[in-house]
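Structure assessment
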Amino acid sequence: MKVTIFGMGYVGSVTAACLADRGHEVTGIDSDSGKVLLVNSGQSPIMEPGLEEILQSAVAAGRLRAETKAKTLGDISLVCVGTPSNDNGSLDLGQVLRVCEDLGNMLKTTDSYHVANIRSTVTPGTVEGQIIPLLERVSGKQAGKDFGVCMNPEFLRESTAVRDFYKPPFTVVGALDTQSANVVAGLYDGVDAPLERVPLRVAEMIKYACNSFHALKVVFANEIGNLCKALGVDSWQVMEIFCKDNKLNLSPYYMKPGFAFGGSCLPKDVRAIVHLAKQLDVELPVLGSVLASNQLQIERAYHLIRRTGKTKVGVLGLSFKAESDDLRESPNVALIERLIGKGYQVSVYDSDVTLSSIRGKNKAFIERTLPHISSLMKSSLAEVTGQAEVLVLCKKSKEFEAAASADGQLPVVDFVRLFPNGATRTAGYEGICW
Ligand SMILES: NC(=O)c1ccc[n+]([C@@H]2O[C@H](COP(=O)([O-])OP(=O)(O)OC[C@H]3O[C@@H](n4cnc5c(N)ncnc54)[C@H](O)[C@@H]3O)[C@@H](O)[C@H]2O)c1
């Protein structure tokens, strides 16, 4: 393909050299004439292991050259300019919007179908809210019809960027239309990575979810490390073994947006470790705010129910997770407590919980927290749907599907994403965080 790459910085120069190496015909554009001179003389404008070799051979083979201004558009443009922070933390989109203005002007006189592919990191909604309107206004053409627009975030890491280009975790293509997505997918033909075709905003958000998680991982490891040091424990040994758990620790487990955590271990153990750190004068700002964040999720759930305007609430699921009858610190119990305190009429159904069979600490907890639980518990789903005005899904169960489906009569507030693809109806359905 004929590829124009705007920005010959860390992302642009690696992308340009690697795409040229794969046989594409690449023009790199950078307003910095120093970088343009370097590229054209086969030298890397940045320090990046392995880059200079492929850049040099791409320039020598005539597949890569650089200019300070784009003159014509080929098949696809990749926008790789910087998106630095403003003082208030917002993104400075100046470089991206300036390039898109140039692109819009060139699109005016381009007859073939050209795809503007955004690789710079931009916050969700930027492509649809600012970039497409700008391209359409300047070009006088329609996105998705006269030209294509994609959001194709970059996942390379500086210092291993060339290797990452050839073997990224995935290739994400957010697109307005299939034709543009096909062009971008074609660009990475042969790159060893799963291709994820998604809506534009999902593509924008994936990048932020990834980087936020990476940042969180570093801070988490450091907080554990700081506490370990104060305790005289070898943090590296702890984290090395921690990382061997691919079942719960480094795995998709617990990574599904939904309701608060609970049960007999997580709240208790987070409380204990935060208390221990306080005694040792070790600050744990992230771990120390975990329980507050969890509590806010219960508040959020309550407000979603309140906003339905219904006062008779059917709660489906009481114990802290499916196939368990443990009620201790179940967020479902905390939610019911809140609803009752606010005067709601609550009925509850959970096939995992038989009040007459629960014992010990479990029994003591529920009797202390919800003394009238036996009058709220129903023995069948039908009893709950018979008296409720809104259903709250706190557990995944096949049994709940008919009530929550498109044919269901009652409004539904869903904490568990009962249907993997989200709602099967638009009216009367609310997911807690989707
Ligand atoms: N650095 C990384 O490892 C990395 C990884 C993934 C994503 N990103 C994202 O990719 C984007 C680019 O990051 P970077 O680190 O490569 O930035 P950078 O600052 O290194 O490079 C940006 C380049 O764009 C050029 N430029 C600015 N305005 C221009 C214009 N109007 N026309 C042509 N060129 C122009 C600049 O001269 C500069 O060379 C950012 O949004 C960043 O968040 C960066």
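So, how was this worked out
- Residues numbered from 1 in each chain as written.
- Predicted model: local features only at pLDDT ≥ 70, side-chain atom pairs only at ≥ 80, totals over all residues.
- Domains from an automatic or database assignment.
- Core = buried A, V, L, I, M, F, W, Y, C linked by C-beta atoms within 7 Å.
- Buried ≥ 20, exposed ≤ 12 C-beta atoms within 10 Å, placed from the backbone.
- Helix = DSSP H or I, 4+ residues; strand = E, 2+ residues; numbered from the N terminus.
- Contact = placed C-beta atoms within 7 Å.
- Axes fitted to C-alpha atoms, helices over the stretch in contact; angles between N-to-C directions.
- Left-handed = near helix turned anticlockwise from the far one by under 90°.
- Nonpolar A, V, L, I, M, F, W, Y, C, P; charged D, E, K, R; others polar.
- Right-handed = clockwise from strand over helix to strand, strands pointing away.
- Pairing = 2+ DSSP bridges.
- Near = placed C-beta within 6 Å.
- Parallel < 35°, antiparallel > 145°, perpendicular 65-115°, else oblique.

The next subject is the domain arrangement of the chain. Here the domain parsing of the chain yields domain 1 (2-200) and domain 2 (292-431). Distance between the C-alpha centres of domain 1 and domain 2: 48 Å.

Ala 17, Val 79, Leu 135, Val 149 and Cys 150 are the most contacted members of the largest nonpolar core, which totals 60 residues. Counting residues per element, this core draws most heavily on helix 1 (residues 10-21), at 8 residues. Aside from chain neighbours lying at most four places away, what touches Val 79 is Phe 6, Val 96, Val 99, Ala 116, Asn 117, Ile 118, Arg 119 and Ser 120. Leu 316, Val 348, Leu 370 and Val 412 belong to the second largest nonpolar core, which has 36 residues in total.

Another point: the packing of helix 4 (residues 94-108) against helix 5 (residues 126-139). Axes are the key here: two packed helices are described by the angle between their axes and the distance separating the axes. Interaxial distance between helix 4 and helix 5 falls to 7 Å at its minimum, and their mutual angle equals 35°. Where helix 4 crosses over helix 5, the two elements pack in a sense that is right-handed. Contact residues: helix 4 offers Leu 97, Cys 100, Glu 101, Leu 103, Gly 104, Asn 105, Leu 107 and Lys 108, while helix 5 offers Gln 130, Ile 131, Leu 134, Leu 135, Val 138 and Ser 139. Looking at the contact of helix 4 with helix 5 residue by residue, the class counts come to 8 nonpolar, 4 polar and 2 charged.

Turning our attention to the pairing of strand 10 (residues 345-349). The buried count for strand 10 comes to 4 of 5 residues, which makes it a mostly enclosed element. Handedness of the crossover joining strand 9 (residues 312-316) and strand 10 through helix 12 (residues 331-341): right-handed.

Take the sheet that holds strand 13 (residues 429-431) next. Across the sheet, 5 strands lie side by side as 10-9-11-12-13; this open sheet has parallel pairing. Looking along the sheet, the strands with just one partner apiece sit at the ends: strand 10 and strand 13. This sheet shows a mean twist of 20° between the axes of neighbouring strands, independent of strand direction. Relative to strand 13, strand 12 (residues 412-414) runs parallel, the two being bridged by 3 bridges.

Near the ligand, the surroundings consist of 24 residues, among which Gly 7, Gly 9, Tyr 10, Gly 82 and Ser 120 are the closest. Every element with two or more residues in the shell around the ligand is listed here: helix 1 and helix 4. A per-class count over the shell around the ligand returns 9 nonpolar, 9 polar and 6 charged.

Let us look at the pairing of strand 8 (residues 195-198). Here 4 bridges tie strand 7 (residues 171-175) to strand 8, and the two strands are oriented parallel to one another. Residue Val 172 lies in a different strand from strand 8, and its bridge partner there is Glu 196. At this point the chain moves from strand 7, through helix 7 (residues 178-187), to the parallel strand 8, and the crossover so formed is right-handed.

The next thing to look at is unusual backbone geometry. At Glu 323, a position not held by glycine, the phi torsion is positive, near 60°. Within the element layout of this structure, Glu 323 appears in the loop between strand 9 and helix 12. Look at Glu 323 and you get exposed, because 10 C-beta atoms sit within 10 Å. Positive phi, normally seen in glycine, also occurs at Arg 417, with a value near 50°. Relative to the helices and strands, Arg 417 resides in the loop between strand 12 and strand 13.

Pairing within the open sheet is mixed, and its 8 strands lie in the order 3-2-1-4-5-6-7-8. For this open sheet the edge positions go to strand 3 (64-67) and strand 8, each flanked by a neighbour on one side alone. For this sheet, the mean inter-axis angle between neighbouring strands, taken without regard to orientation, is 25°. Two strands pair when backbone bridges link them, and strand 1 (residues 2-6) and strand 4 (residues 76-79) are joined in this way by 4 bridges, in the parallel orientation. Within strand 4, the residue paired with Thr 4 across the bridge is Ser 77.

What follows concerns the packing of helix 8 (residues 200-231) against helix 9 (residues 235-242). Between helix 8 and helix 9, the shortest axis-to-axis distance is 9 Å and the interhelical angle comes to 140°. As far as their axial angle goes, helix 9 and helix 8 are oblique. Note on packing geometry: the crossing formed by helix 8 with helix 9 is right-handed. Taking contact as the criterion, the partners of Ala 221, Ile 224, Gly 225, Cys 228 and Lys 229 in helix 8 are, on helix 9, Ser 235, Val 238 and Met 239. Class assignment for the residues of the contact of helix 8 with helix 9 results in 5 nonpolar, 2 polar and 1 charged.

What follows concerns the environment of Pro 411. Along the polypeptide, Pro 411 turns up in the loop between helix 16 (401-404) and strand 12. Classification of Pro 411 as buried rests on a count of 20 C-beta atoms within 10 Å. With 103 residues separating them in the primary sequence, Pro 411 and Thr 308 have C-alpha atoms 8.0 Å apart. Once residues within four sequence positions are removed from consideration, Pro 411 is found in contact with Thr 308, Lys 310, Val 390 and Gly 428.

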